[in-house]
Number of protein chains: 2
Amino acid sequence: MIISIIGGTDGLGKWFASFLKNKGFTVIVSGRDNIKGKEAEKELGVLYTSSNVEASKKGDIVIISVPINVTDSVIKEVAPHVKPGSLLMDITSIKEGPSKLMKEYSNEGVFILPSHPMFGPETPSLKRQVVILTPIEGEINPFFKKIRKFLENEGAKVIVVSPKEHDKIMGVVQGLTHFVYISLGSTLKDLEIDIKESRNFASPIYELMINIIARIIGQNPYLYADIQMHNSQIINIHEAFIKNCEKISKIVQEQDRDSFVENMKNSAEHFGNETKRGLNCSNKAVYAISRENEKLLKSIGKEVGLKHIYSENVHCGILKEVYSDYLVIKQNEKEIILNISNVSLMDDKDLKLWKDENLEKYFTDISVLFKKNIDLSIIIELLAHKFEIQVIDTYSGEKIDKNELSVTFRVYSFNKPELKVLRETFSFIIDNIGGKIRY
Amino acid sequence: MIISIIGGTDGLGKWFASFLKNKGFTVIVSGRDNIKGKEAEKELGVLYTSSNVEASKKGDIVIISVPINVTDSVIKEVAPHVKPGSLLMDITSIKEGPSKLMKEYSNEGVFILPSHPMFGPETPSLKRQVVILTPIEGEINPFFKKIRKFLENEGAKVIVVSPKEHDKIMGVVQGLTHFVYISLGSTLKDLEIDIKESRNFASPIYELMINIIARIIGQNPYLYADIQMHNSQIINIHEAFIKNCEKISKIVQEQDRDSFVENMKNSAEHFGNETKRGLNCSNKAVYAISRENEKLLKSIGKEVGLKHIYSENVHCGILKEVYSDYLVIKQNEKEIILNISNVSLMDDKDLKLWKDENLEKYFTDISVLFKKNIDLSIIIELLAHKFEIQVIDTYSGEKIDKNELSVTFRVYSFNKPELKVLRETFSFIIDNIGGKIRY
């Protein structure tokens, strides 16, 4: 079976090309960019053609995987060339428009299955990923069951809805979400709110909101424009939201406490069990933000690694004090003041990695005599809880008693003066667990 | 100096009463509820009177700390009785109205300092807490510097703004935030979106939004009504937001991609460095939500504790499989299916506590001979990384060699059949660290 992927030289199309090739299908990819095409051919072992039409003619399954703003024109280009008996699919994040166009522009006998995979090209497999299928209502499609079964066998969760229902839900999930935060961003600009200063008037939910606005308005605006502008349901959703804003604002203006309360209660009732679930989940999110600050406060007097969020430079030193917007660390006998907003606290693992790569590491070697028949792995496991160690030599032979084993440990530290203390502690422990320091 | 706190028998007023009493001031509290008043008198060692007027007459500083919806009437009641030379303060979360009323209803020679402490009564101290002071512009107030210094000496961060500016910022920080999420909640109801089902169309930002809506609409609606209805700036803020929604909706309707992009870019520019900071912080929040799921996936095959978020019942067993909305655990040879949304994964510490309290614990005692001069605490520290142990007896005397010490360890497990294996592992380790099993 030949599967042609229009736009399969990049992004999610390329992901599907690689995935399907590995599953044993013959895969043809097409795309405008010859260089990317040749690369994909070499990298994935698929066939490349620069002609979308040629790829469409050959495919038993033809999958259109192009950016949302060119989906319509590509459907019009390729749909008429898909051969009867074949399946035409698309994987765009809106479904009503593409469904109609694919139906309209393809020949009699071509089957249509619009789809929306809810994941990106960084996904390792289909396991636990969501794929939405929006088959044409009332149409018998021999491919539908097969595709569904294939996806489910690969571990995907398949949701089947109508194209219209899909667009309505996605209009809310993506469209309304983006719309509200983008509108909030532009409102805060109009009101001339100093965002940084406003964070001083701390409220965790406000901070979370500011963070989400920032996250969205900082991304590629063209993508967000396309998501808004290609969904046929979006204007209805905007209108429903604006209507509710106006209603509630009027209630507030009229000081109509009862209506305000009733409205909130009705919403909570509509949310049902999700109300409690949301509280539970938002606690986790709020906690994540305040947690770093708590961690900083708990780390006063201890060694910390602070990574600058812009430059990614790392400051490593003893944390002296934490104020509301800045902190002081002592690094190589110098006090350094850092803006808390600009740094993020590294976890122990990341700090360890950074130190391994960037700091000079000192060590001391200690030779120990054990009874010959001991299990050295047990000793290493117990000691590794307290020291960073490595066994660099074991010896048994003439120089020592025949019932003894000599083991040389290398004990590491980033702090040279500390080595002396480490040596003493290490030796003391060895003395207590049946070993003897050799030298 | 006498400090009178009107409404000091409960909530934040009571917190200030206790705090100021501990700082050595004479504190009088007033409040309608005689029982609470008598309790506060006993608990805090302050004086109680049921008469707000009496308390106001006596105070060198009078602090009004009553719910927002009765603040106005309490100001009208008490302000005329504050003696000249005294200070009248309030701690309501809106400032423009109370400031004007306090000025209007108090006598010549009474000083006014409206304030807004940005914390709740669960705060242990003023350290790192924000207090907003909104002094009357152009008025010389000998108390202002003293109060500010007092707060700063206690570690508080003091922000000074005008009452109007305060209400504008709080109108955004609290008012706009609540307004948007409450409007979203009622929009989702109008659109008949099945909240639980909509979560299947996974997008972390949408889920976060749903969780915040749920968090807000699930709380006391009267409180939220009061916050909206008492802020004089709120209607302007609503209008600015609705205007921006309408503008962006129109841009989308007209398919005006350039204006959409320009609007987003302008907002991002207004946010400046906060854009990157927000991305950084929202990543932490998003990560917090997905983290539990990742943890669940990593725990497959291992023992987990799952606490039901409504009943708080705990299920403890081996996690067999995790699906998108449910999971399977094996508990006492029985497979149990649980809805993921209804349970939260316990961390190791909580699970340990729960098991200690709820499960039968088994143990085995093992007597070991060590050299008499060993440091037992070192041995215990090393072994505690691998076993839950307790030393129940040590012995040296006639029954054993005079150079030996006998130590009896109790090794615990929640799993009776496992004790045999534990005994073997424990004995093996002891053999390797210079000990001898005694029996």
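Look a little higher up for the structure.
In this text the structure is predicted, and so the values were computed from the model without any measurement. (Residues numbered from 1 in each chain as written. Chains lettered and ligands numbered in written order. Predicted model: local features only at pLDDT ≥ 70, side-chain atom pairs only at ≥ 80, totals over all residues. Heavy atoms only, no water.)

**As for the overall build of chain A**
For chain A, the count of helices and strands is 16 helices and 17 strands. For 439 residues, the compact-globule estimate of 2.2 N^0.38 gives 22 Å, and chain A exceeds it by more than 25% at 31 Å. For the C-alpha atoms alone, the extent of chain A along its principal axes is close to 90 × 65 × 40 Å. Counting only residues that meet the buried cut, chain A has 53% of its 439 residues in that class. Taking all contacts inside chain A whose residues are at least 6 apart in sequence as the whole, residues at least 24 apart take part in 62%. Carbon and sulfur atoms provide 49% of the accessible area of chain A, an area that totals close to 20,900 Å². One way to put it: in chain A the 58 positive side-chain charges average out to a point 5 Å from where the 59 negative ones average out. (Helix = DSSP H or I, 4+ residues; strand = E, 2+ residues; numbered from the N terminus. Rg over C-alpha atoms; globule rule 2.2 N^0.38 Å. Buried < 20%, exposed > 50% of the residue type's maximum accessible area, 1.4 Å probe, protein only. Contact = heavy atoms within 4.5 Å. Areas by Shrake-Rupley, 256 points an atom, 1.4 Å probe, with all protein chains shown as cover. Lys, Arg positive; Asp, Glu negative; His and termini not counted. Charge placed at Lys NZ, Arg CZ, Asp CG, Glu CD.)

**Details of the nonpolar core**
Judged by nonpolar contacts, the single largest core of 98 residues is most densely connected at Phe260(A) and Phe260(B). Leaving out residues up to four positions away in the same chain, Phe260(B) has contacts with Ile182(A), Pro221(A), Tyr224(A), Ala225(A), Gln228(A), Met229(A), Ile248(B), Ile251(B) and Val252(B). Ranked by size, the runner-up nonpolar core spans 42 residues in total, among them Phe426(A), Phe370(B), Ile374(B) and Leu382(B). (Core = buried A, V, L, I, M, F, W, Y, C linked by side-chain atoms within 4.5 Å.)

**A closer look at the interface of chain B and chain A**
Counting residues at the interface gives 131 residues for chain B and 132 residues for chain A. Carbon and sulfur atoms supply 69% of the area that chain B and chain A bury against each other, a total of about 12,600 Å² over both sides. Run the count over chain B and chain A and you get six salt bridges. Across the salt bridge formed by Lys386(B) and Glu381(A), the nearest N and O atoms sit 3.0 Å from each other. Connecting chain B to chain A are 26 residue pairs in polar contact (both at pLDDT 80 or more). (Buried area = accessible area lost by both parts, 1.4 Å probe. Salt bridge = Lys/Arg side-chain N within 4 Å of Asp/Glu carboxyl O. Polar contact = N/O pair within 3.5 Å; in protein donor to acceptor, adjacent residues only side chain to side chain.)

**Some remarks on helix α1 (residues 11-22) of chain A**
Residue and element names in this part refer to chain A. The terminal C-alpha atoms of α1, which comprises twelve residues, lie 17 Å apart, in line with the 16 Å expected from a rise of 1.5 Å per residue. Buried within α1 we find Leu 12, Gly 13, Lys 14, Trp 15, Phe 16, Ala 17, Phe 19 and Leu 20. Positive backbone phi, at 100°, marks Gly 24, one or two positions downstream of α1. (Expected span 1.5 Å × (residues − 1).)

**Describing the sheet that holds strand β10 (residues 314-322) of chain A**
Residue and element names in this part refer to chain A. As summarised here, the arrangement of the five strands in space is β12-β11-β10-β9-β13, forming an open sheet in which the pairing is antiparallel. Strands at the two margins of the open sheet, each flanked by one partner only, are β12 (334-339) and β13 (343-345). Sheet twist, expressed as the mean angle between neighbouring strand axes with direction ignored, is 50°. Across six bridges, strand β11 (residues 326-331) lies against β12 in antiparallel orientation. When the bridges of β12 are listed, Lys 330 appears paired with Glu 335. On top of the sheet, helix α14 (residues 348-358) reaches β9 (303-308) and β10; it is set at about 85° to β9, its chief contact. (Pairing = 2+ DSSP bridges. Axes fitted to C-alpha atoms, helices over the stretch in contact; angles between N-to-C directions.)

**Examining unusual backbone geometry**
One non-glycine residue, Glu192(A), adopts positive backbone phi at about 55°. Along the chain, Glu192(A) turns up in the loop between α7 (163-190) and α8 (195-198). Residue classification places Glu192(A) among the exposed residues on the basis of a relative accessible area of 67%. Positioned with a positive phi, Gln255(B) is a non-glycine residue whose angle comes to about 55°.

**Remarks on the packing of aromatic side chains**
In total, this model carries 27 aromatic pairs over all chains according to the counting rule given. With a centroid separation of 5.0 Å and 10° between ring planes, the pair formed by Trp15(A) and Phe19(A) is classed as stacked. Linking Trp15(A) with Phe19(A), this pair stays in helix α1, spanning four residues, or about one helical turn. Judged by relative accessible area, Phe19(A) falls into the buried class, the value being 10%. Ring centres 5.3 Å apart and planes at 65° place the aromatic pair Phe409(B) and Phe426(B) in the edge-to-face group. Of this pair, Phe409(B) sits in strand β16 (residues 404-413) while Phe426(B) sits in helix α16 (residues 418-432), and the two are 17 residues apart along the sequence. (Phe/Tyr/Trp six-rings, centres within 6.5 Å; stacked < 30°, edge-to-face > 60°.)

**Brief notes about helix α2 (residues 34-44) of chain B**
Residue and element names in this part refer to chain B. Residues of α2 that are buried include every one of Gly 37, Ala 40 and Leu 44, and no others. Down the axis of α2, the sector holding all buried residues measures 60°, keeping them to one side. Looking at α2, the residues exposed on the side facing more than 90 degrees away from the buried face are Ile 35, Lys 42 and Glu 43. Buried positions along α2 lie against α1 (11-22) and β3 (47-49). Near the N-terminus of α2, the side chain that reaches the backbone nitrogen of Ile 35, with its oxygen 3.0 Å away, is that of Asp 33. (Arc of directions from axis to C-beta.)

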